Amino acid sequence: MSILFSGRASSGASAHKISLGRRFIMFWVNHVRQALFSLGELWRTPSASILTIGVLGVSLTLPATLHLLVKNVQQVSDSFTQAAEISLFIKDGTDDRQINSLLRILQADNDIARVTHISKQQALDEFADVSGFGAALTYLTDNPLPDVLLVLPKNTSAGSARQLLERLSKERIVEFGKLDIDWLTRLDAIVGLLRQAVLVIAVLLLGAVLLIIGNTIRLSIMSKKDEIEIMKLVGATDAFIQRPFLYSGVWFGVFGGLLAFLIVEAMLWWLQGAIGSVTSLYDSDFRLMAFSITEFFSLMLLAVLLGLTGSYLSVRRHISAIEPTGP
Amino acid sequence: MLEFDQVSKSYPGGFVALDRVSFKLEKGEMAFLTGHSGAGKSTLLKLISLIERPSVGRVLINDVDLSRIRRPHIPYVRRDVGIIFQNHRLLMNHTVFDNVALPLVIEGFSGKDMVKRVHAALDKVGLLDKVRCLPQTLSGGEQQRVGIARAVVNKPPLLLADEPTGNLDPDLSKDIMRVFEAFNQVGVSVLVATHDLGLVARMKYRTLTLKQGKMINDGLLQYQEDPL
């Protein structure tokens, strides 16, 4: 493109009437070349690059670790679905026929996953077994325990379980229903709080990452001030000058993200043994969950986007500010 | 090719660097621009390369008024004007090849075509054997010639030089001037700012002389007469 001389074929591409497809390929080849060039630039200033990447990796490690923590706590809390079991105590003196018909109705209910009937006698036997009052219980003239229906809702969330409890409590032969869900609600609240905290910390740290990358790129622009002036004097556009810096930002993101991933993996590996001994004491088959593929790529994408944004903010302000002062 | 129409330039603080300067450089013409330091030579070149804008008057290149060029288009204008700087302005940690190729890379050249042009430009200034050297390892004259090769590599129709022989001995200066003459002979318009009056007088080209921002001479300069 030549503004002053309309007949002057100045662009390398337009001078040769290169086909659109080839120009498209060249466009990408050029980008790859510049990306590699920027990588080489990082390599040539290893100490500064390693510091920036290190800060980036550590900054990303904390939110990533917290995310894994929330994920694992959630896994634990999800395994307590039994907690949402509803116990329906049947009125004393109800005959077996009525109980059986209620049992059948509940089994057909769409909101209910499973119903178990524990008869008076079963309850008494179990109580005798477990409590150790076996001998004493034989002195009872009649069985004081009620029939119980254990109902497992399909939807085990606290809210819907409570709704189901209210509905079932209205059944004629039901004395009252009981749902021990408070502690589950509390756990949910704590997990929710944890997740909010993670979000806040993540936002703060990601902000810090933006500033760090922006500052690194700014220093690198300042150290190349002369070069930038020369490029501007021979006709480079701002877009051309800023491209290598943007690629540097992307590379910072890539390496920072990888570093964060490696740190988290190392931490998991380190903790695996300790957690294993704790969970074996609790007779639990809990397994620490690591990153999934999607989470890994999300982390990398986030890191790259941060790198790009940080360098873009810096580049946009500082490159246009550098103007050649004279021939 | 290049036209100044009643151009004045004053800097903040009231210093008048150029005062109603008018001249015209035809296509394929070569001219010298002389004057003491502070006479306005640099300002005049800055107006052409759009580093500065005139306070009054118009600067035209190929009948295009430069005041119409908006900031995003300035780089495209600079690609049409080859500029040679007094202090060379080379990329010191890049090879001679990279330095000369820079304007081509900026314009999107690549591959064989680029190599061919860079070699042709270096050949014209006689530095083909230094293509892989770093500028630090070259002498002042050689660095200046690298600067010239970079200015002409994309074949601009207009060539500006600011004190190209500033720090060179007379023989080297003469060589550099020969290079400019060679470009001029293939149709490039050349404007050389210099205070080397002896050289200017020997070369017998049109000479524009500035004094305190005013154009006081336009024509052949007679050596020894001291027109200043």
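Cut-off values and rules
Residues numbered from 1 in each chain as written. Chains lettered and ligands numbered in written order. Predicted model: local features only at pLDDT ≥ 70, side-chain atom pairs only at ≥ 80, totals over all residues. Heavy atoms only, no water. Helix = DSSP H or I, 4+ residues; strand = E, 2+ residues; numbered from the N terminus. Rg over C-alpha atoms; globule rule 2.2 N^0.38 Å. Buried < 20%, exposed > 50% of the residue type's maximum accessible area, 1.4 Å probe, protein only. Contact = heavy atoms within 4.5 Å. Areas by Shrake-Rupley, 256 points an atom, 1.4 Å probe, with all protein chains shown as cover. Lys, Arg positive; Asp, Glu negative; His and termini not counted. Charge placed at Lys NZ, Arg CZ, Asp CG, Glu CD. Axes fitted to C-alpha atoms, helices over the stretch in contact; angles between N-to-C directions. Parallel < 35°, antiparallel > 145°, perpendicular 65-115°, else oblique. Left-handed = near helix turned anticlockwise from the far one by under 90°. Nonpolar A, V, L, I, M, F, W, Y, C, P; charged D, E, K, R; others polar. Expected span 1.5 Å × (residues − 1). Bend = angle between axes of the 7 residues up to and from the residue. Pairing = 2+ DSSP bridges. Core = buried A, V, L, I, M, F, W, Y, C linked by side-chain atoms within 4.5 Å. Buried area = accessible area lost by both parts, 1.4 Å probe. Salt bridge = Lys/Arg side-chain N within 4 Å of Asp/Glu carboxyl O. Polar contact = N/O pair within 3.5 Å; in protein donor to acceptor, adjacent residues only side chain to side chain.

Novice: How should I be thinking about the overall build of chain B in this particular structure?
Specialist: From N to C terminus, chain B includes 7 helices and 10 strands. Against the 2.2 N^0.38 benchmark of 17 Å for 228 residues, chain B shows a C-alpha radius of gyration of 17 Å, consistent with a compact globule. The principal-axis extents of the C-alpha atoms in chain B amount to approximately 45 × 45 × 35 Å. By the burial criterion, 58% of the 228 residues in chain B qualify as buried. Excluding contacts between residues fewer than 6 apart, the proportion of contacts in chain B whose partners are at least 24 apart in sequence is 67%. About 9800 Å² of surface is accessible on chain B, with carbon and sulfur atoms providing 49% of the total. For chain B, the distance from the average site of its 30 positive side-chain charges to the average site of its 25 negative ones is 5 Å.

Novice: Can you help me understand the packing of helix H1 (residues 20-44) of chain A against helix H9 (residues 238-281) of chain A in this one?
Specialist: Pairs of packed helices are described in terms of their axes, by the angle between the two and the distance that separates them. Residues and elements named next belong to chain A. Between H1 and H9, the least distance of the axes is 8 Å, while the angle of their chain directions is 65 degrees. Judged by the inter-axis angle, H1 sits roughly perpendicular to H9. Here the hand of the crossing between H1 and H9 comes out right-handed. Of the residues in H9, those in contact with His31, Gln34, Ala35, Ser38, Leu39 and Leu42 of H1 are Phe240, Arg243, Pro244, Tyr247, Ser248, Trp251, Phe252 and Phe255. Classifying every residue of the contact of H1 with H9 gives 9 nonpolar, 4 polar and 1 charged.

Novice: Would you mind going over H9(A) with me for this structure?
Specialist: Because each turn of an α-helix spans 3.6 residues, side chains separated by three or four positions in sequence point in the same direction. Its 44 residues give H9(A) an end-to-end C-alpha distance of 63 Å, which sits within 8% of 64 Å, the value for a rise of 1.5 Å per residue. Most pronounced at Gln272(A), the bend in H9(A) amounts to some 35 degrees.

Novice: It is not clear to me how helix H4 (residues 111-124) of chain B should be interpreted in this structure. Could you clarify?
Specialist: All names here are of chain B. Here H4 is 14 residues long and its end C-alpha atoms lie 21 Å apart, about the 20 Å a rise of 1.5 Å per residue gives. Buried residues in H4 make contact with helix H3 (96-107) and helix H5 (140-152). After H4 finishes, the residue glycine 126 shows a positive phi value of roughly 75 degrees.

Novice: Looking at this model, I keep getting lost on the sheet that holds strand E1 (residues 2-10) of chain B. Mind explaining?
Specialist: Working definition: the strands of a sheet are paired by backbone hydrogen bonds and lie parallel or antiparallel to each other. All names here are of chain B. Taken together, 4 strands build an open sheet; the order of strands is E2-E1-E4-E5 and the sheet is antiparallel. Each edge of the sheet is formed by a strand with only one pairing partner; in this case those strands are strand E2 (16-25) and strand E5 (64-65). Running over the sheet, helix H1 (residues 41-48) touches E1, E2 and strand E4 (56-61) and is turned about 120 degrees from E1.

Novice: Would you mind going over the nonpolar core with me for this structure?
Specialist: Note on soluble globular proteins: their nonpolar side chains tend to be buried together. If you look at the biggest cluster of nonpolar residues, it comprises 42 residues, and the most contacted ones within it are Ile217(A), Ile221(A), Ile241(A), Phe245(A), Phe252(A), Val315(A) and Leu102(B). Elements that contribute at least two residues to this core include exactly H1, helix H2 (46-78), helix H7 (182-223), helix H8 (225-233), H9 and helix H10 (293-319) of chain A together with H3 of chain B. Per-element accounting of this core gives the leading share, 12 residues, to H9(A). Ignoring anything within four residues of it in the chain, the contact list for Ile221(A) reads Ile228(A), Phe245(A), Ser314(A), Val315(A), His318(A), Ile319(A) and Ile322(A). Counting residues in each nonpolar core, the second largest holds 39 residues, with Leu90(B), Leu168(B), Met177(B) and Leu199(B) among its members.

Novice: Can you help me understand the interface of chain B and chain A in this one?
Specialist: Many descriptions give the size of an interface as the accessible area lost when the pieces come together. Between chain B and chain A, the residue contacts involve 39 residues of the former and 33 residues of the latter. Together, the buried faces of chain B and chain A total about 3300 Å²; carbon and sulfur atoms form 61% of this surface. On the chain B side of the interface with chain A, the three residues burying the most area are Arg78(B), Asp80(B) and Arg89(B), jointly 19% of the side's total. Applying the counting criterion to the chain B and chain A interface returns 3 salt bridges. As a salt-bridge pair, Arg71(B) and Asp238(A) come within 3.7 Å of each other at their nearest N and O atoms. For the pair chain B and chain A, the number of links is 5 residue pairs in polar contact (both at pLDDT 80 or more). The set of elements that each furnish at least two residues to the side of chain B that touches chain A consists of H1, helix H2 (74-79) and H3 of chain B.

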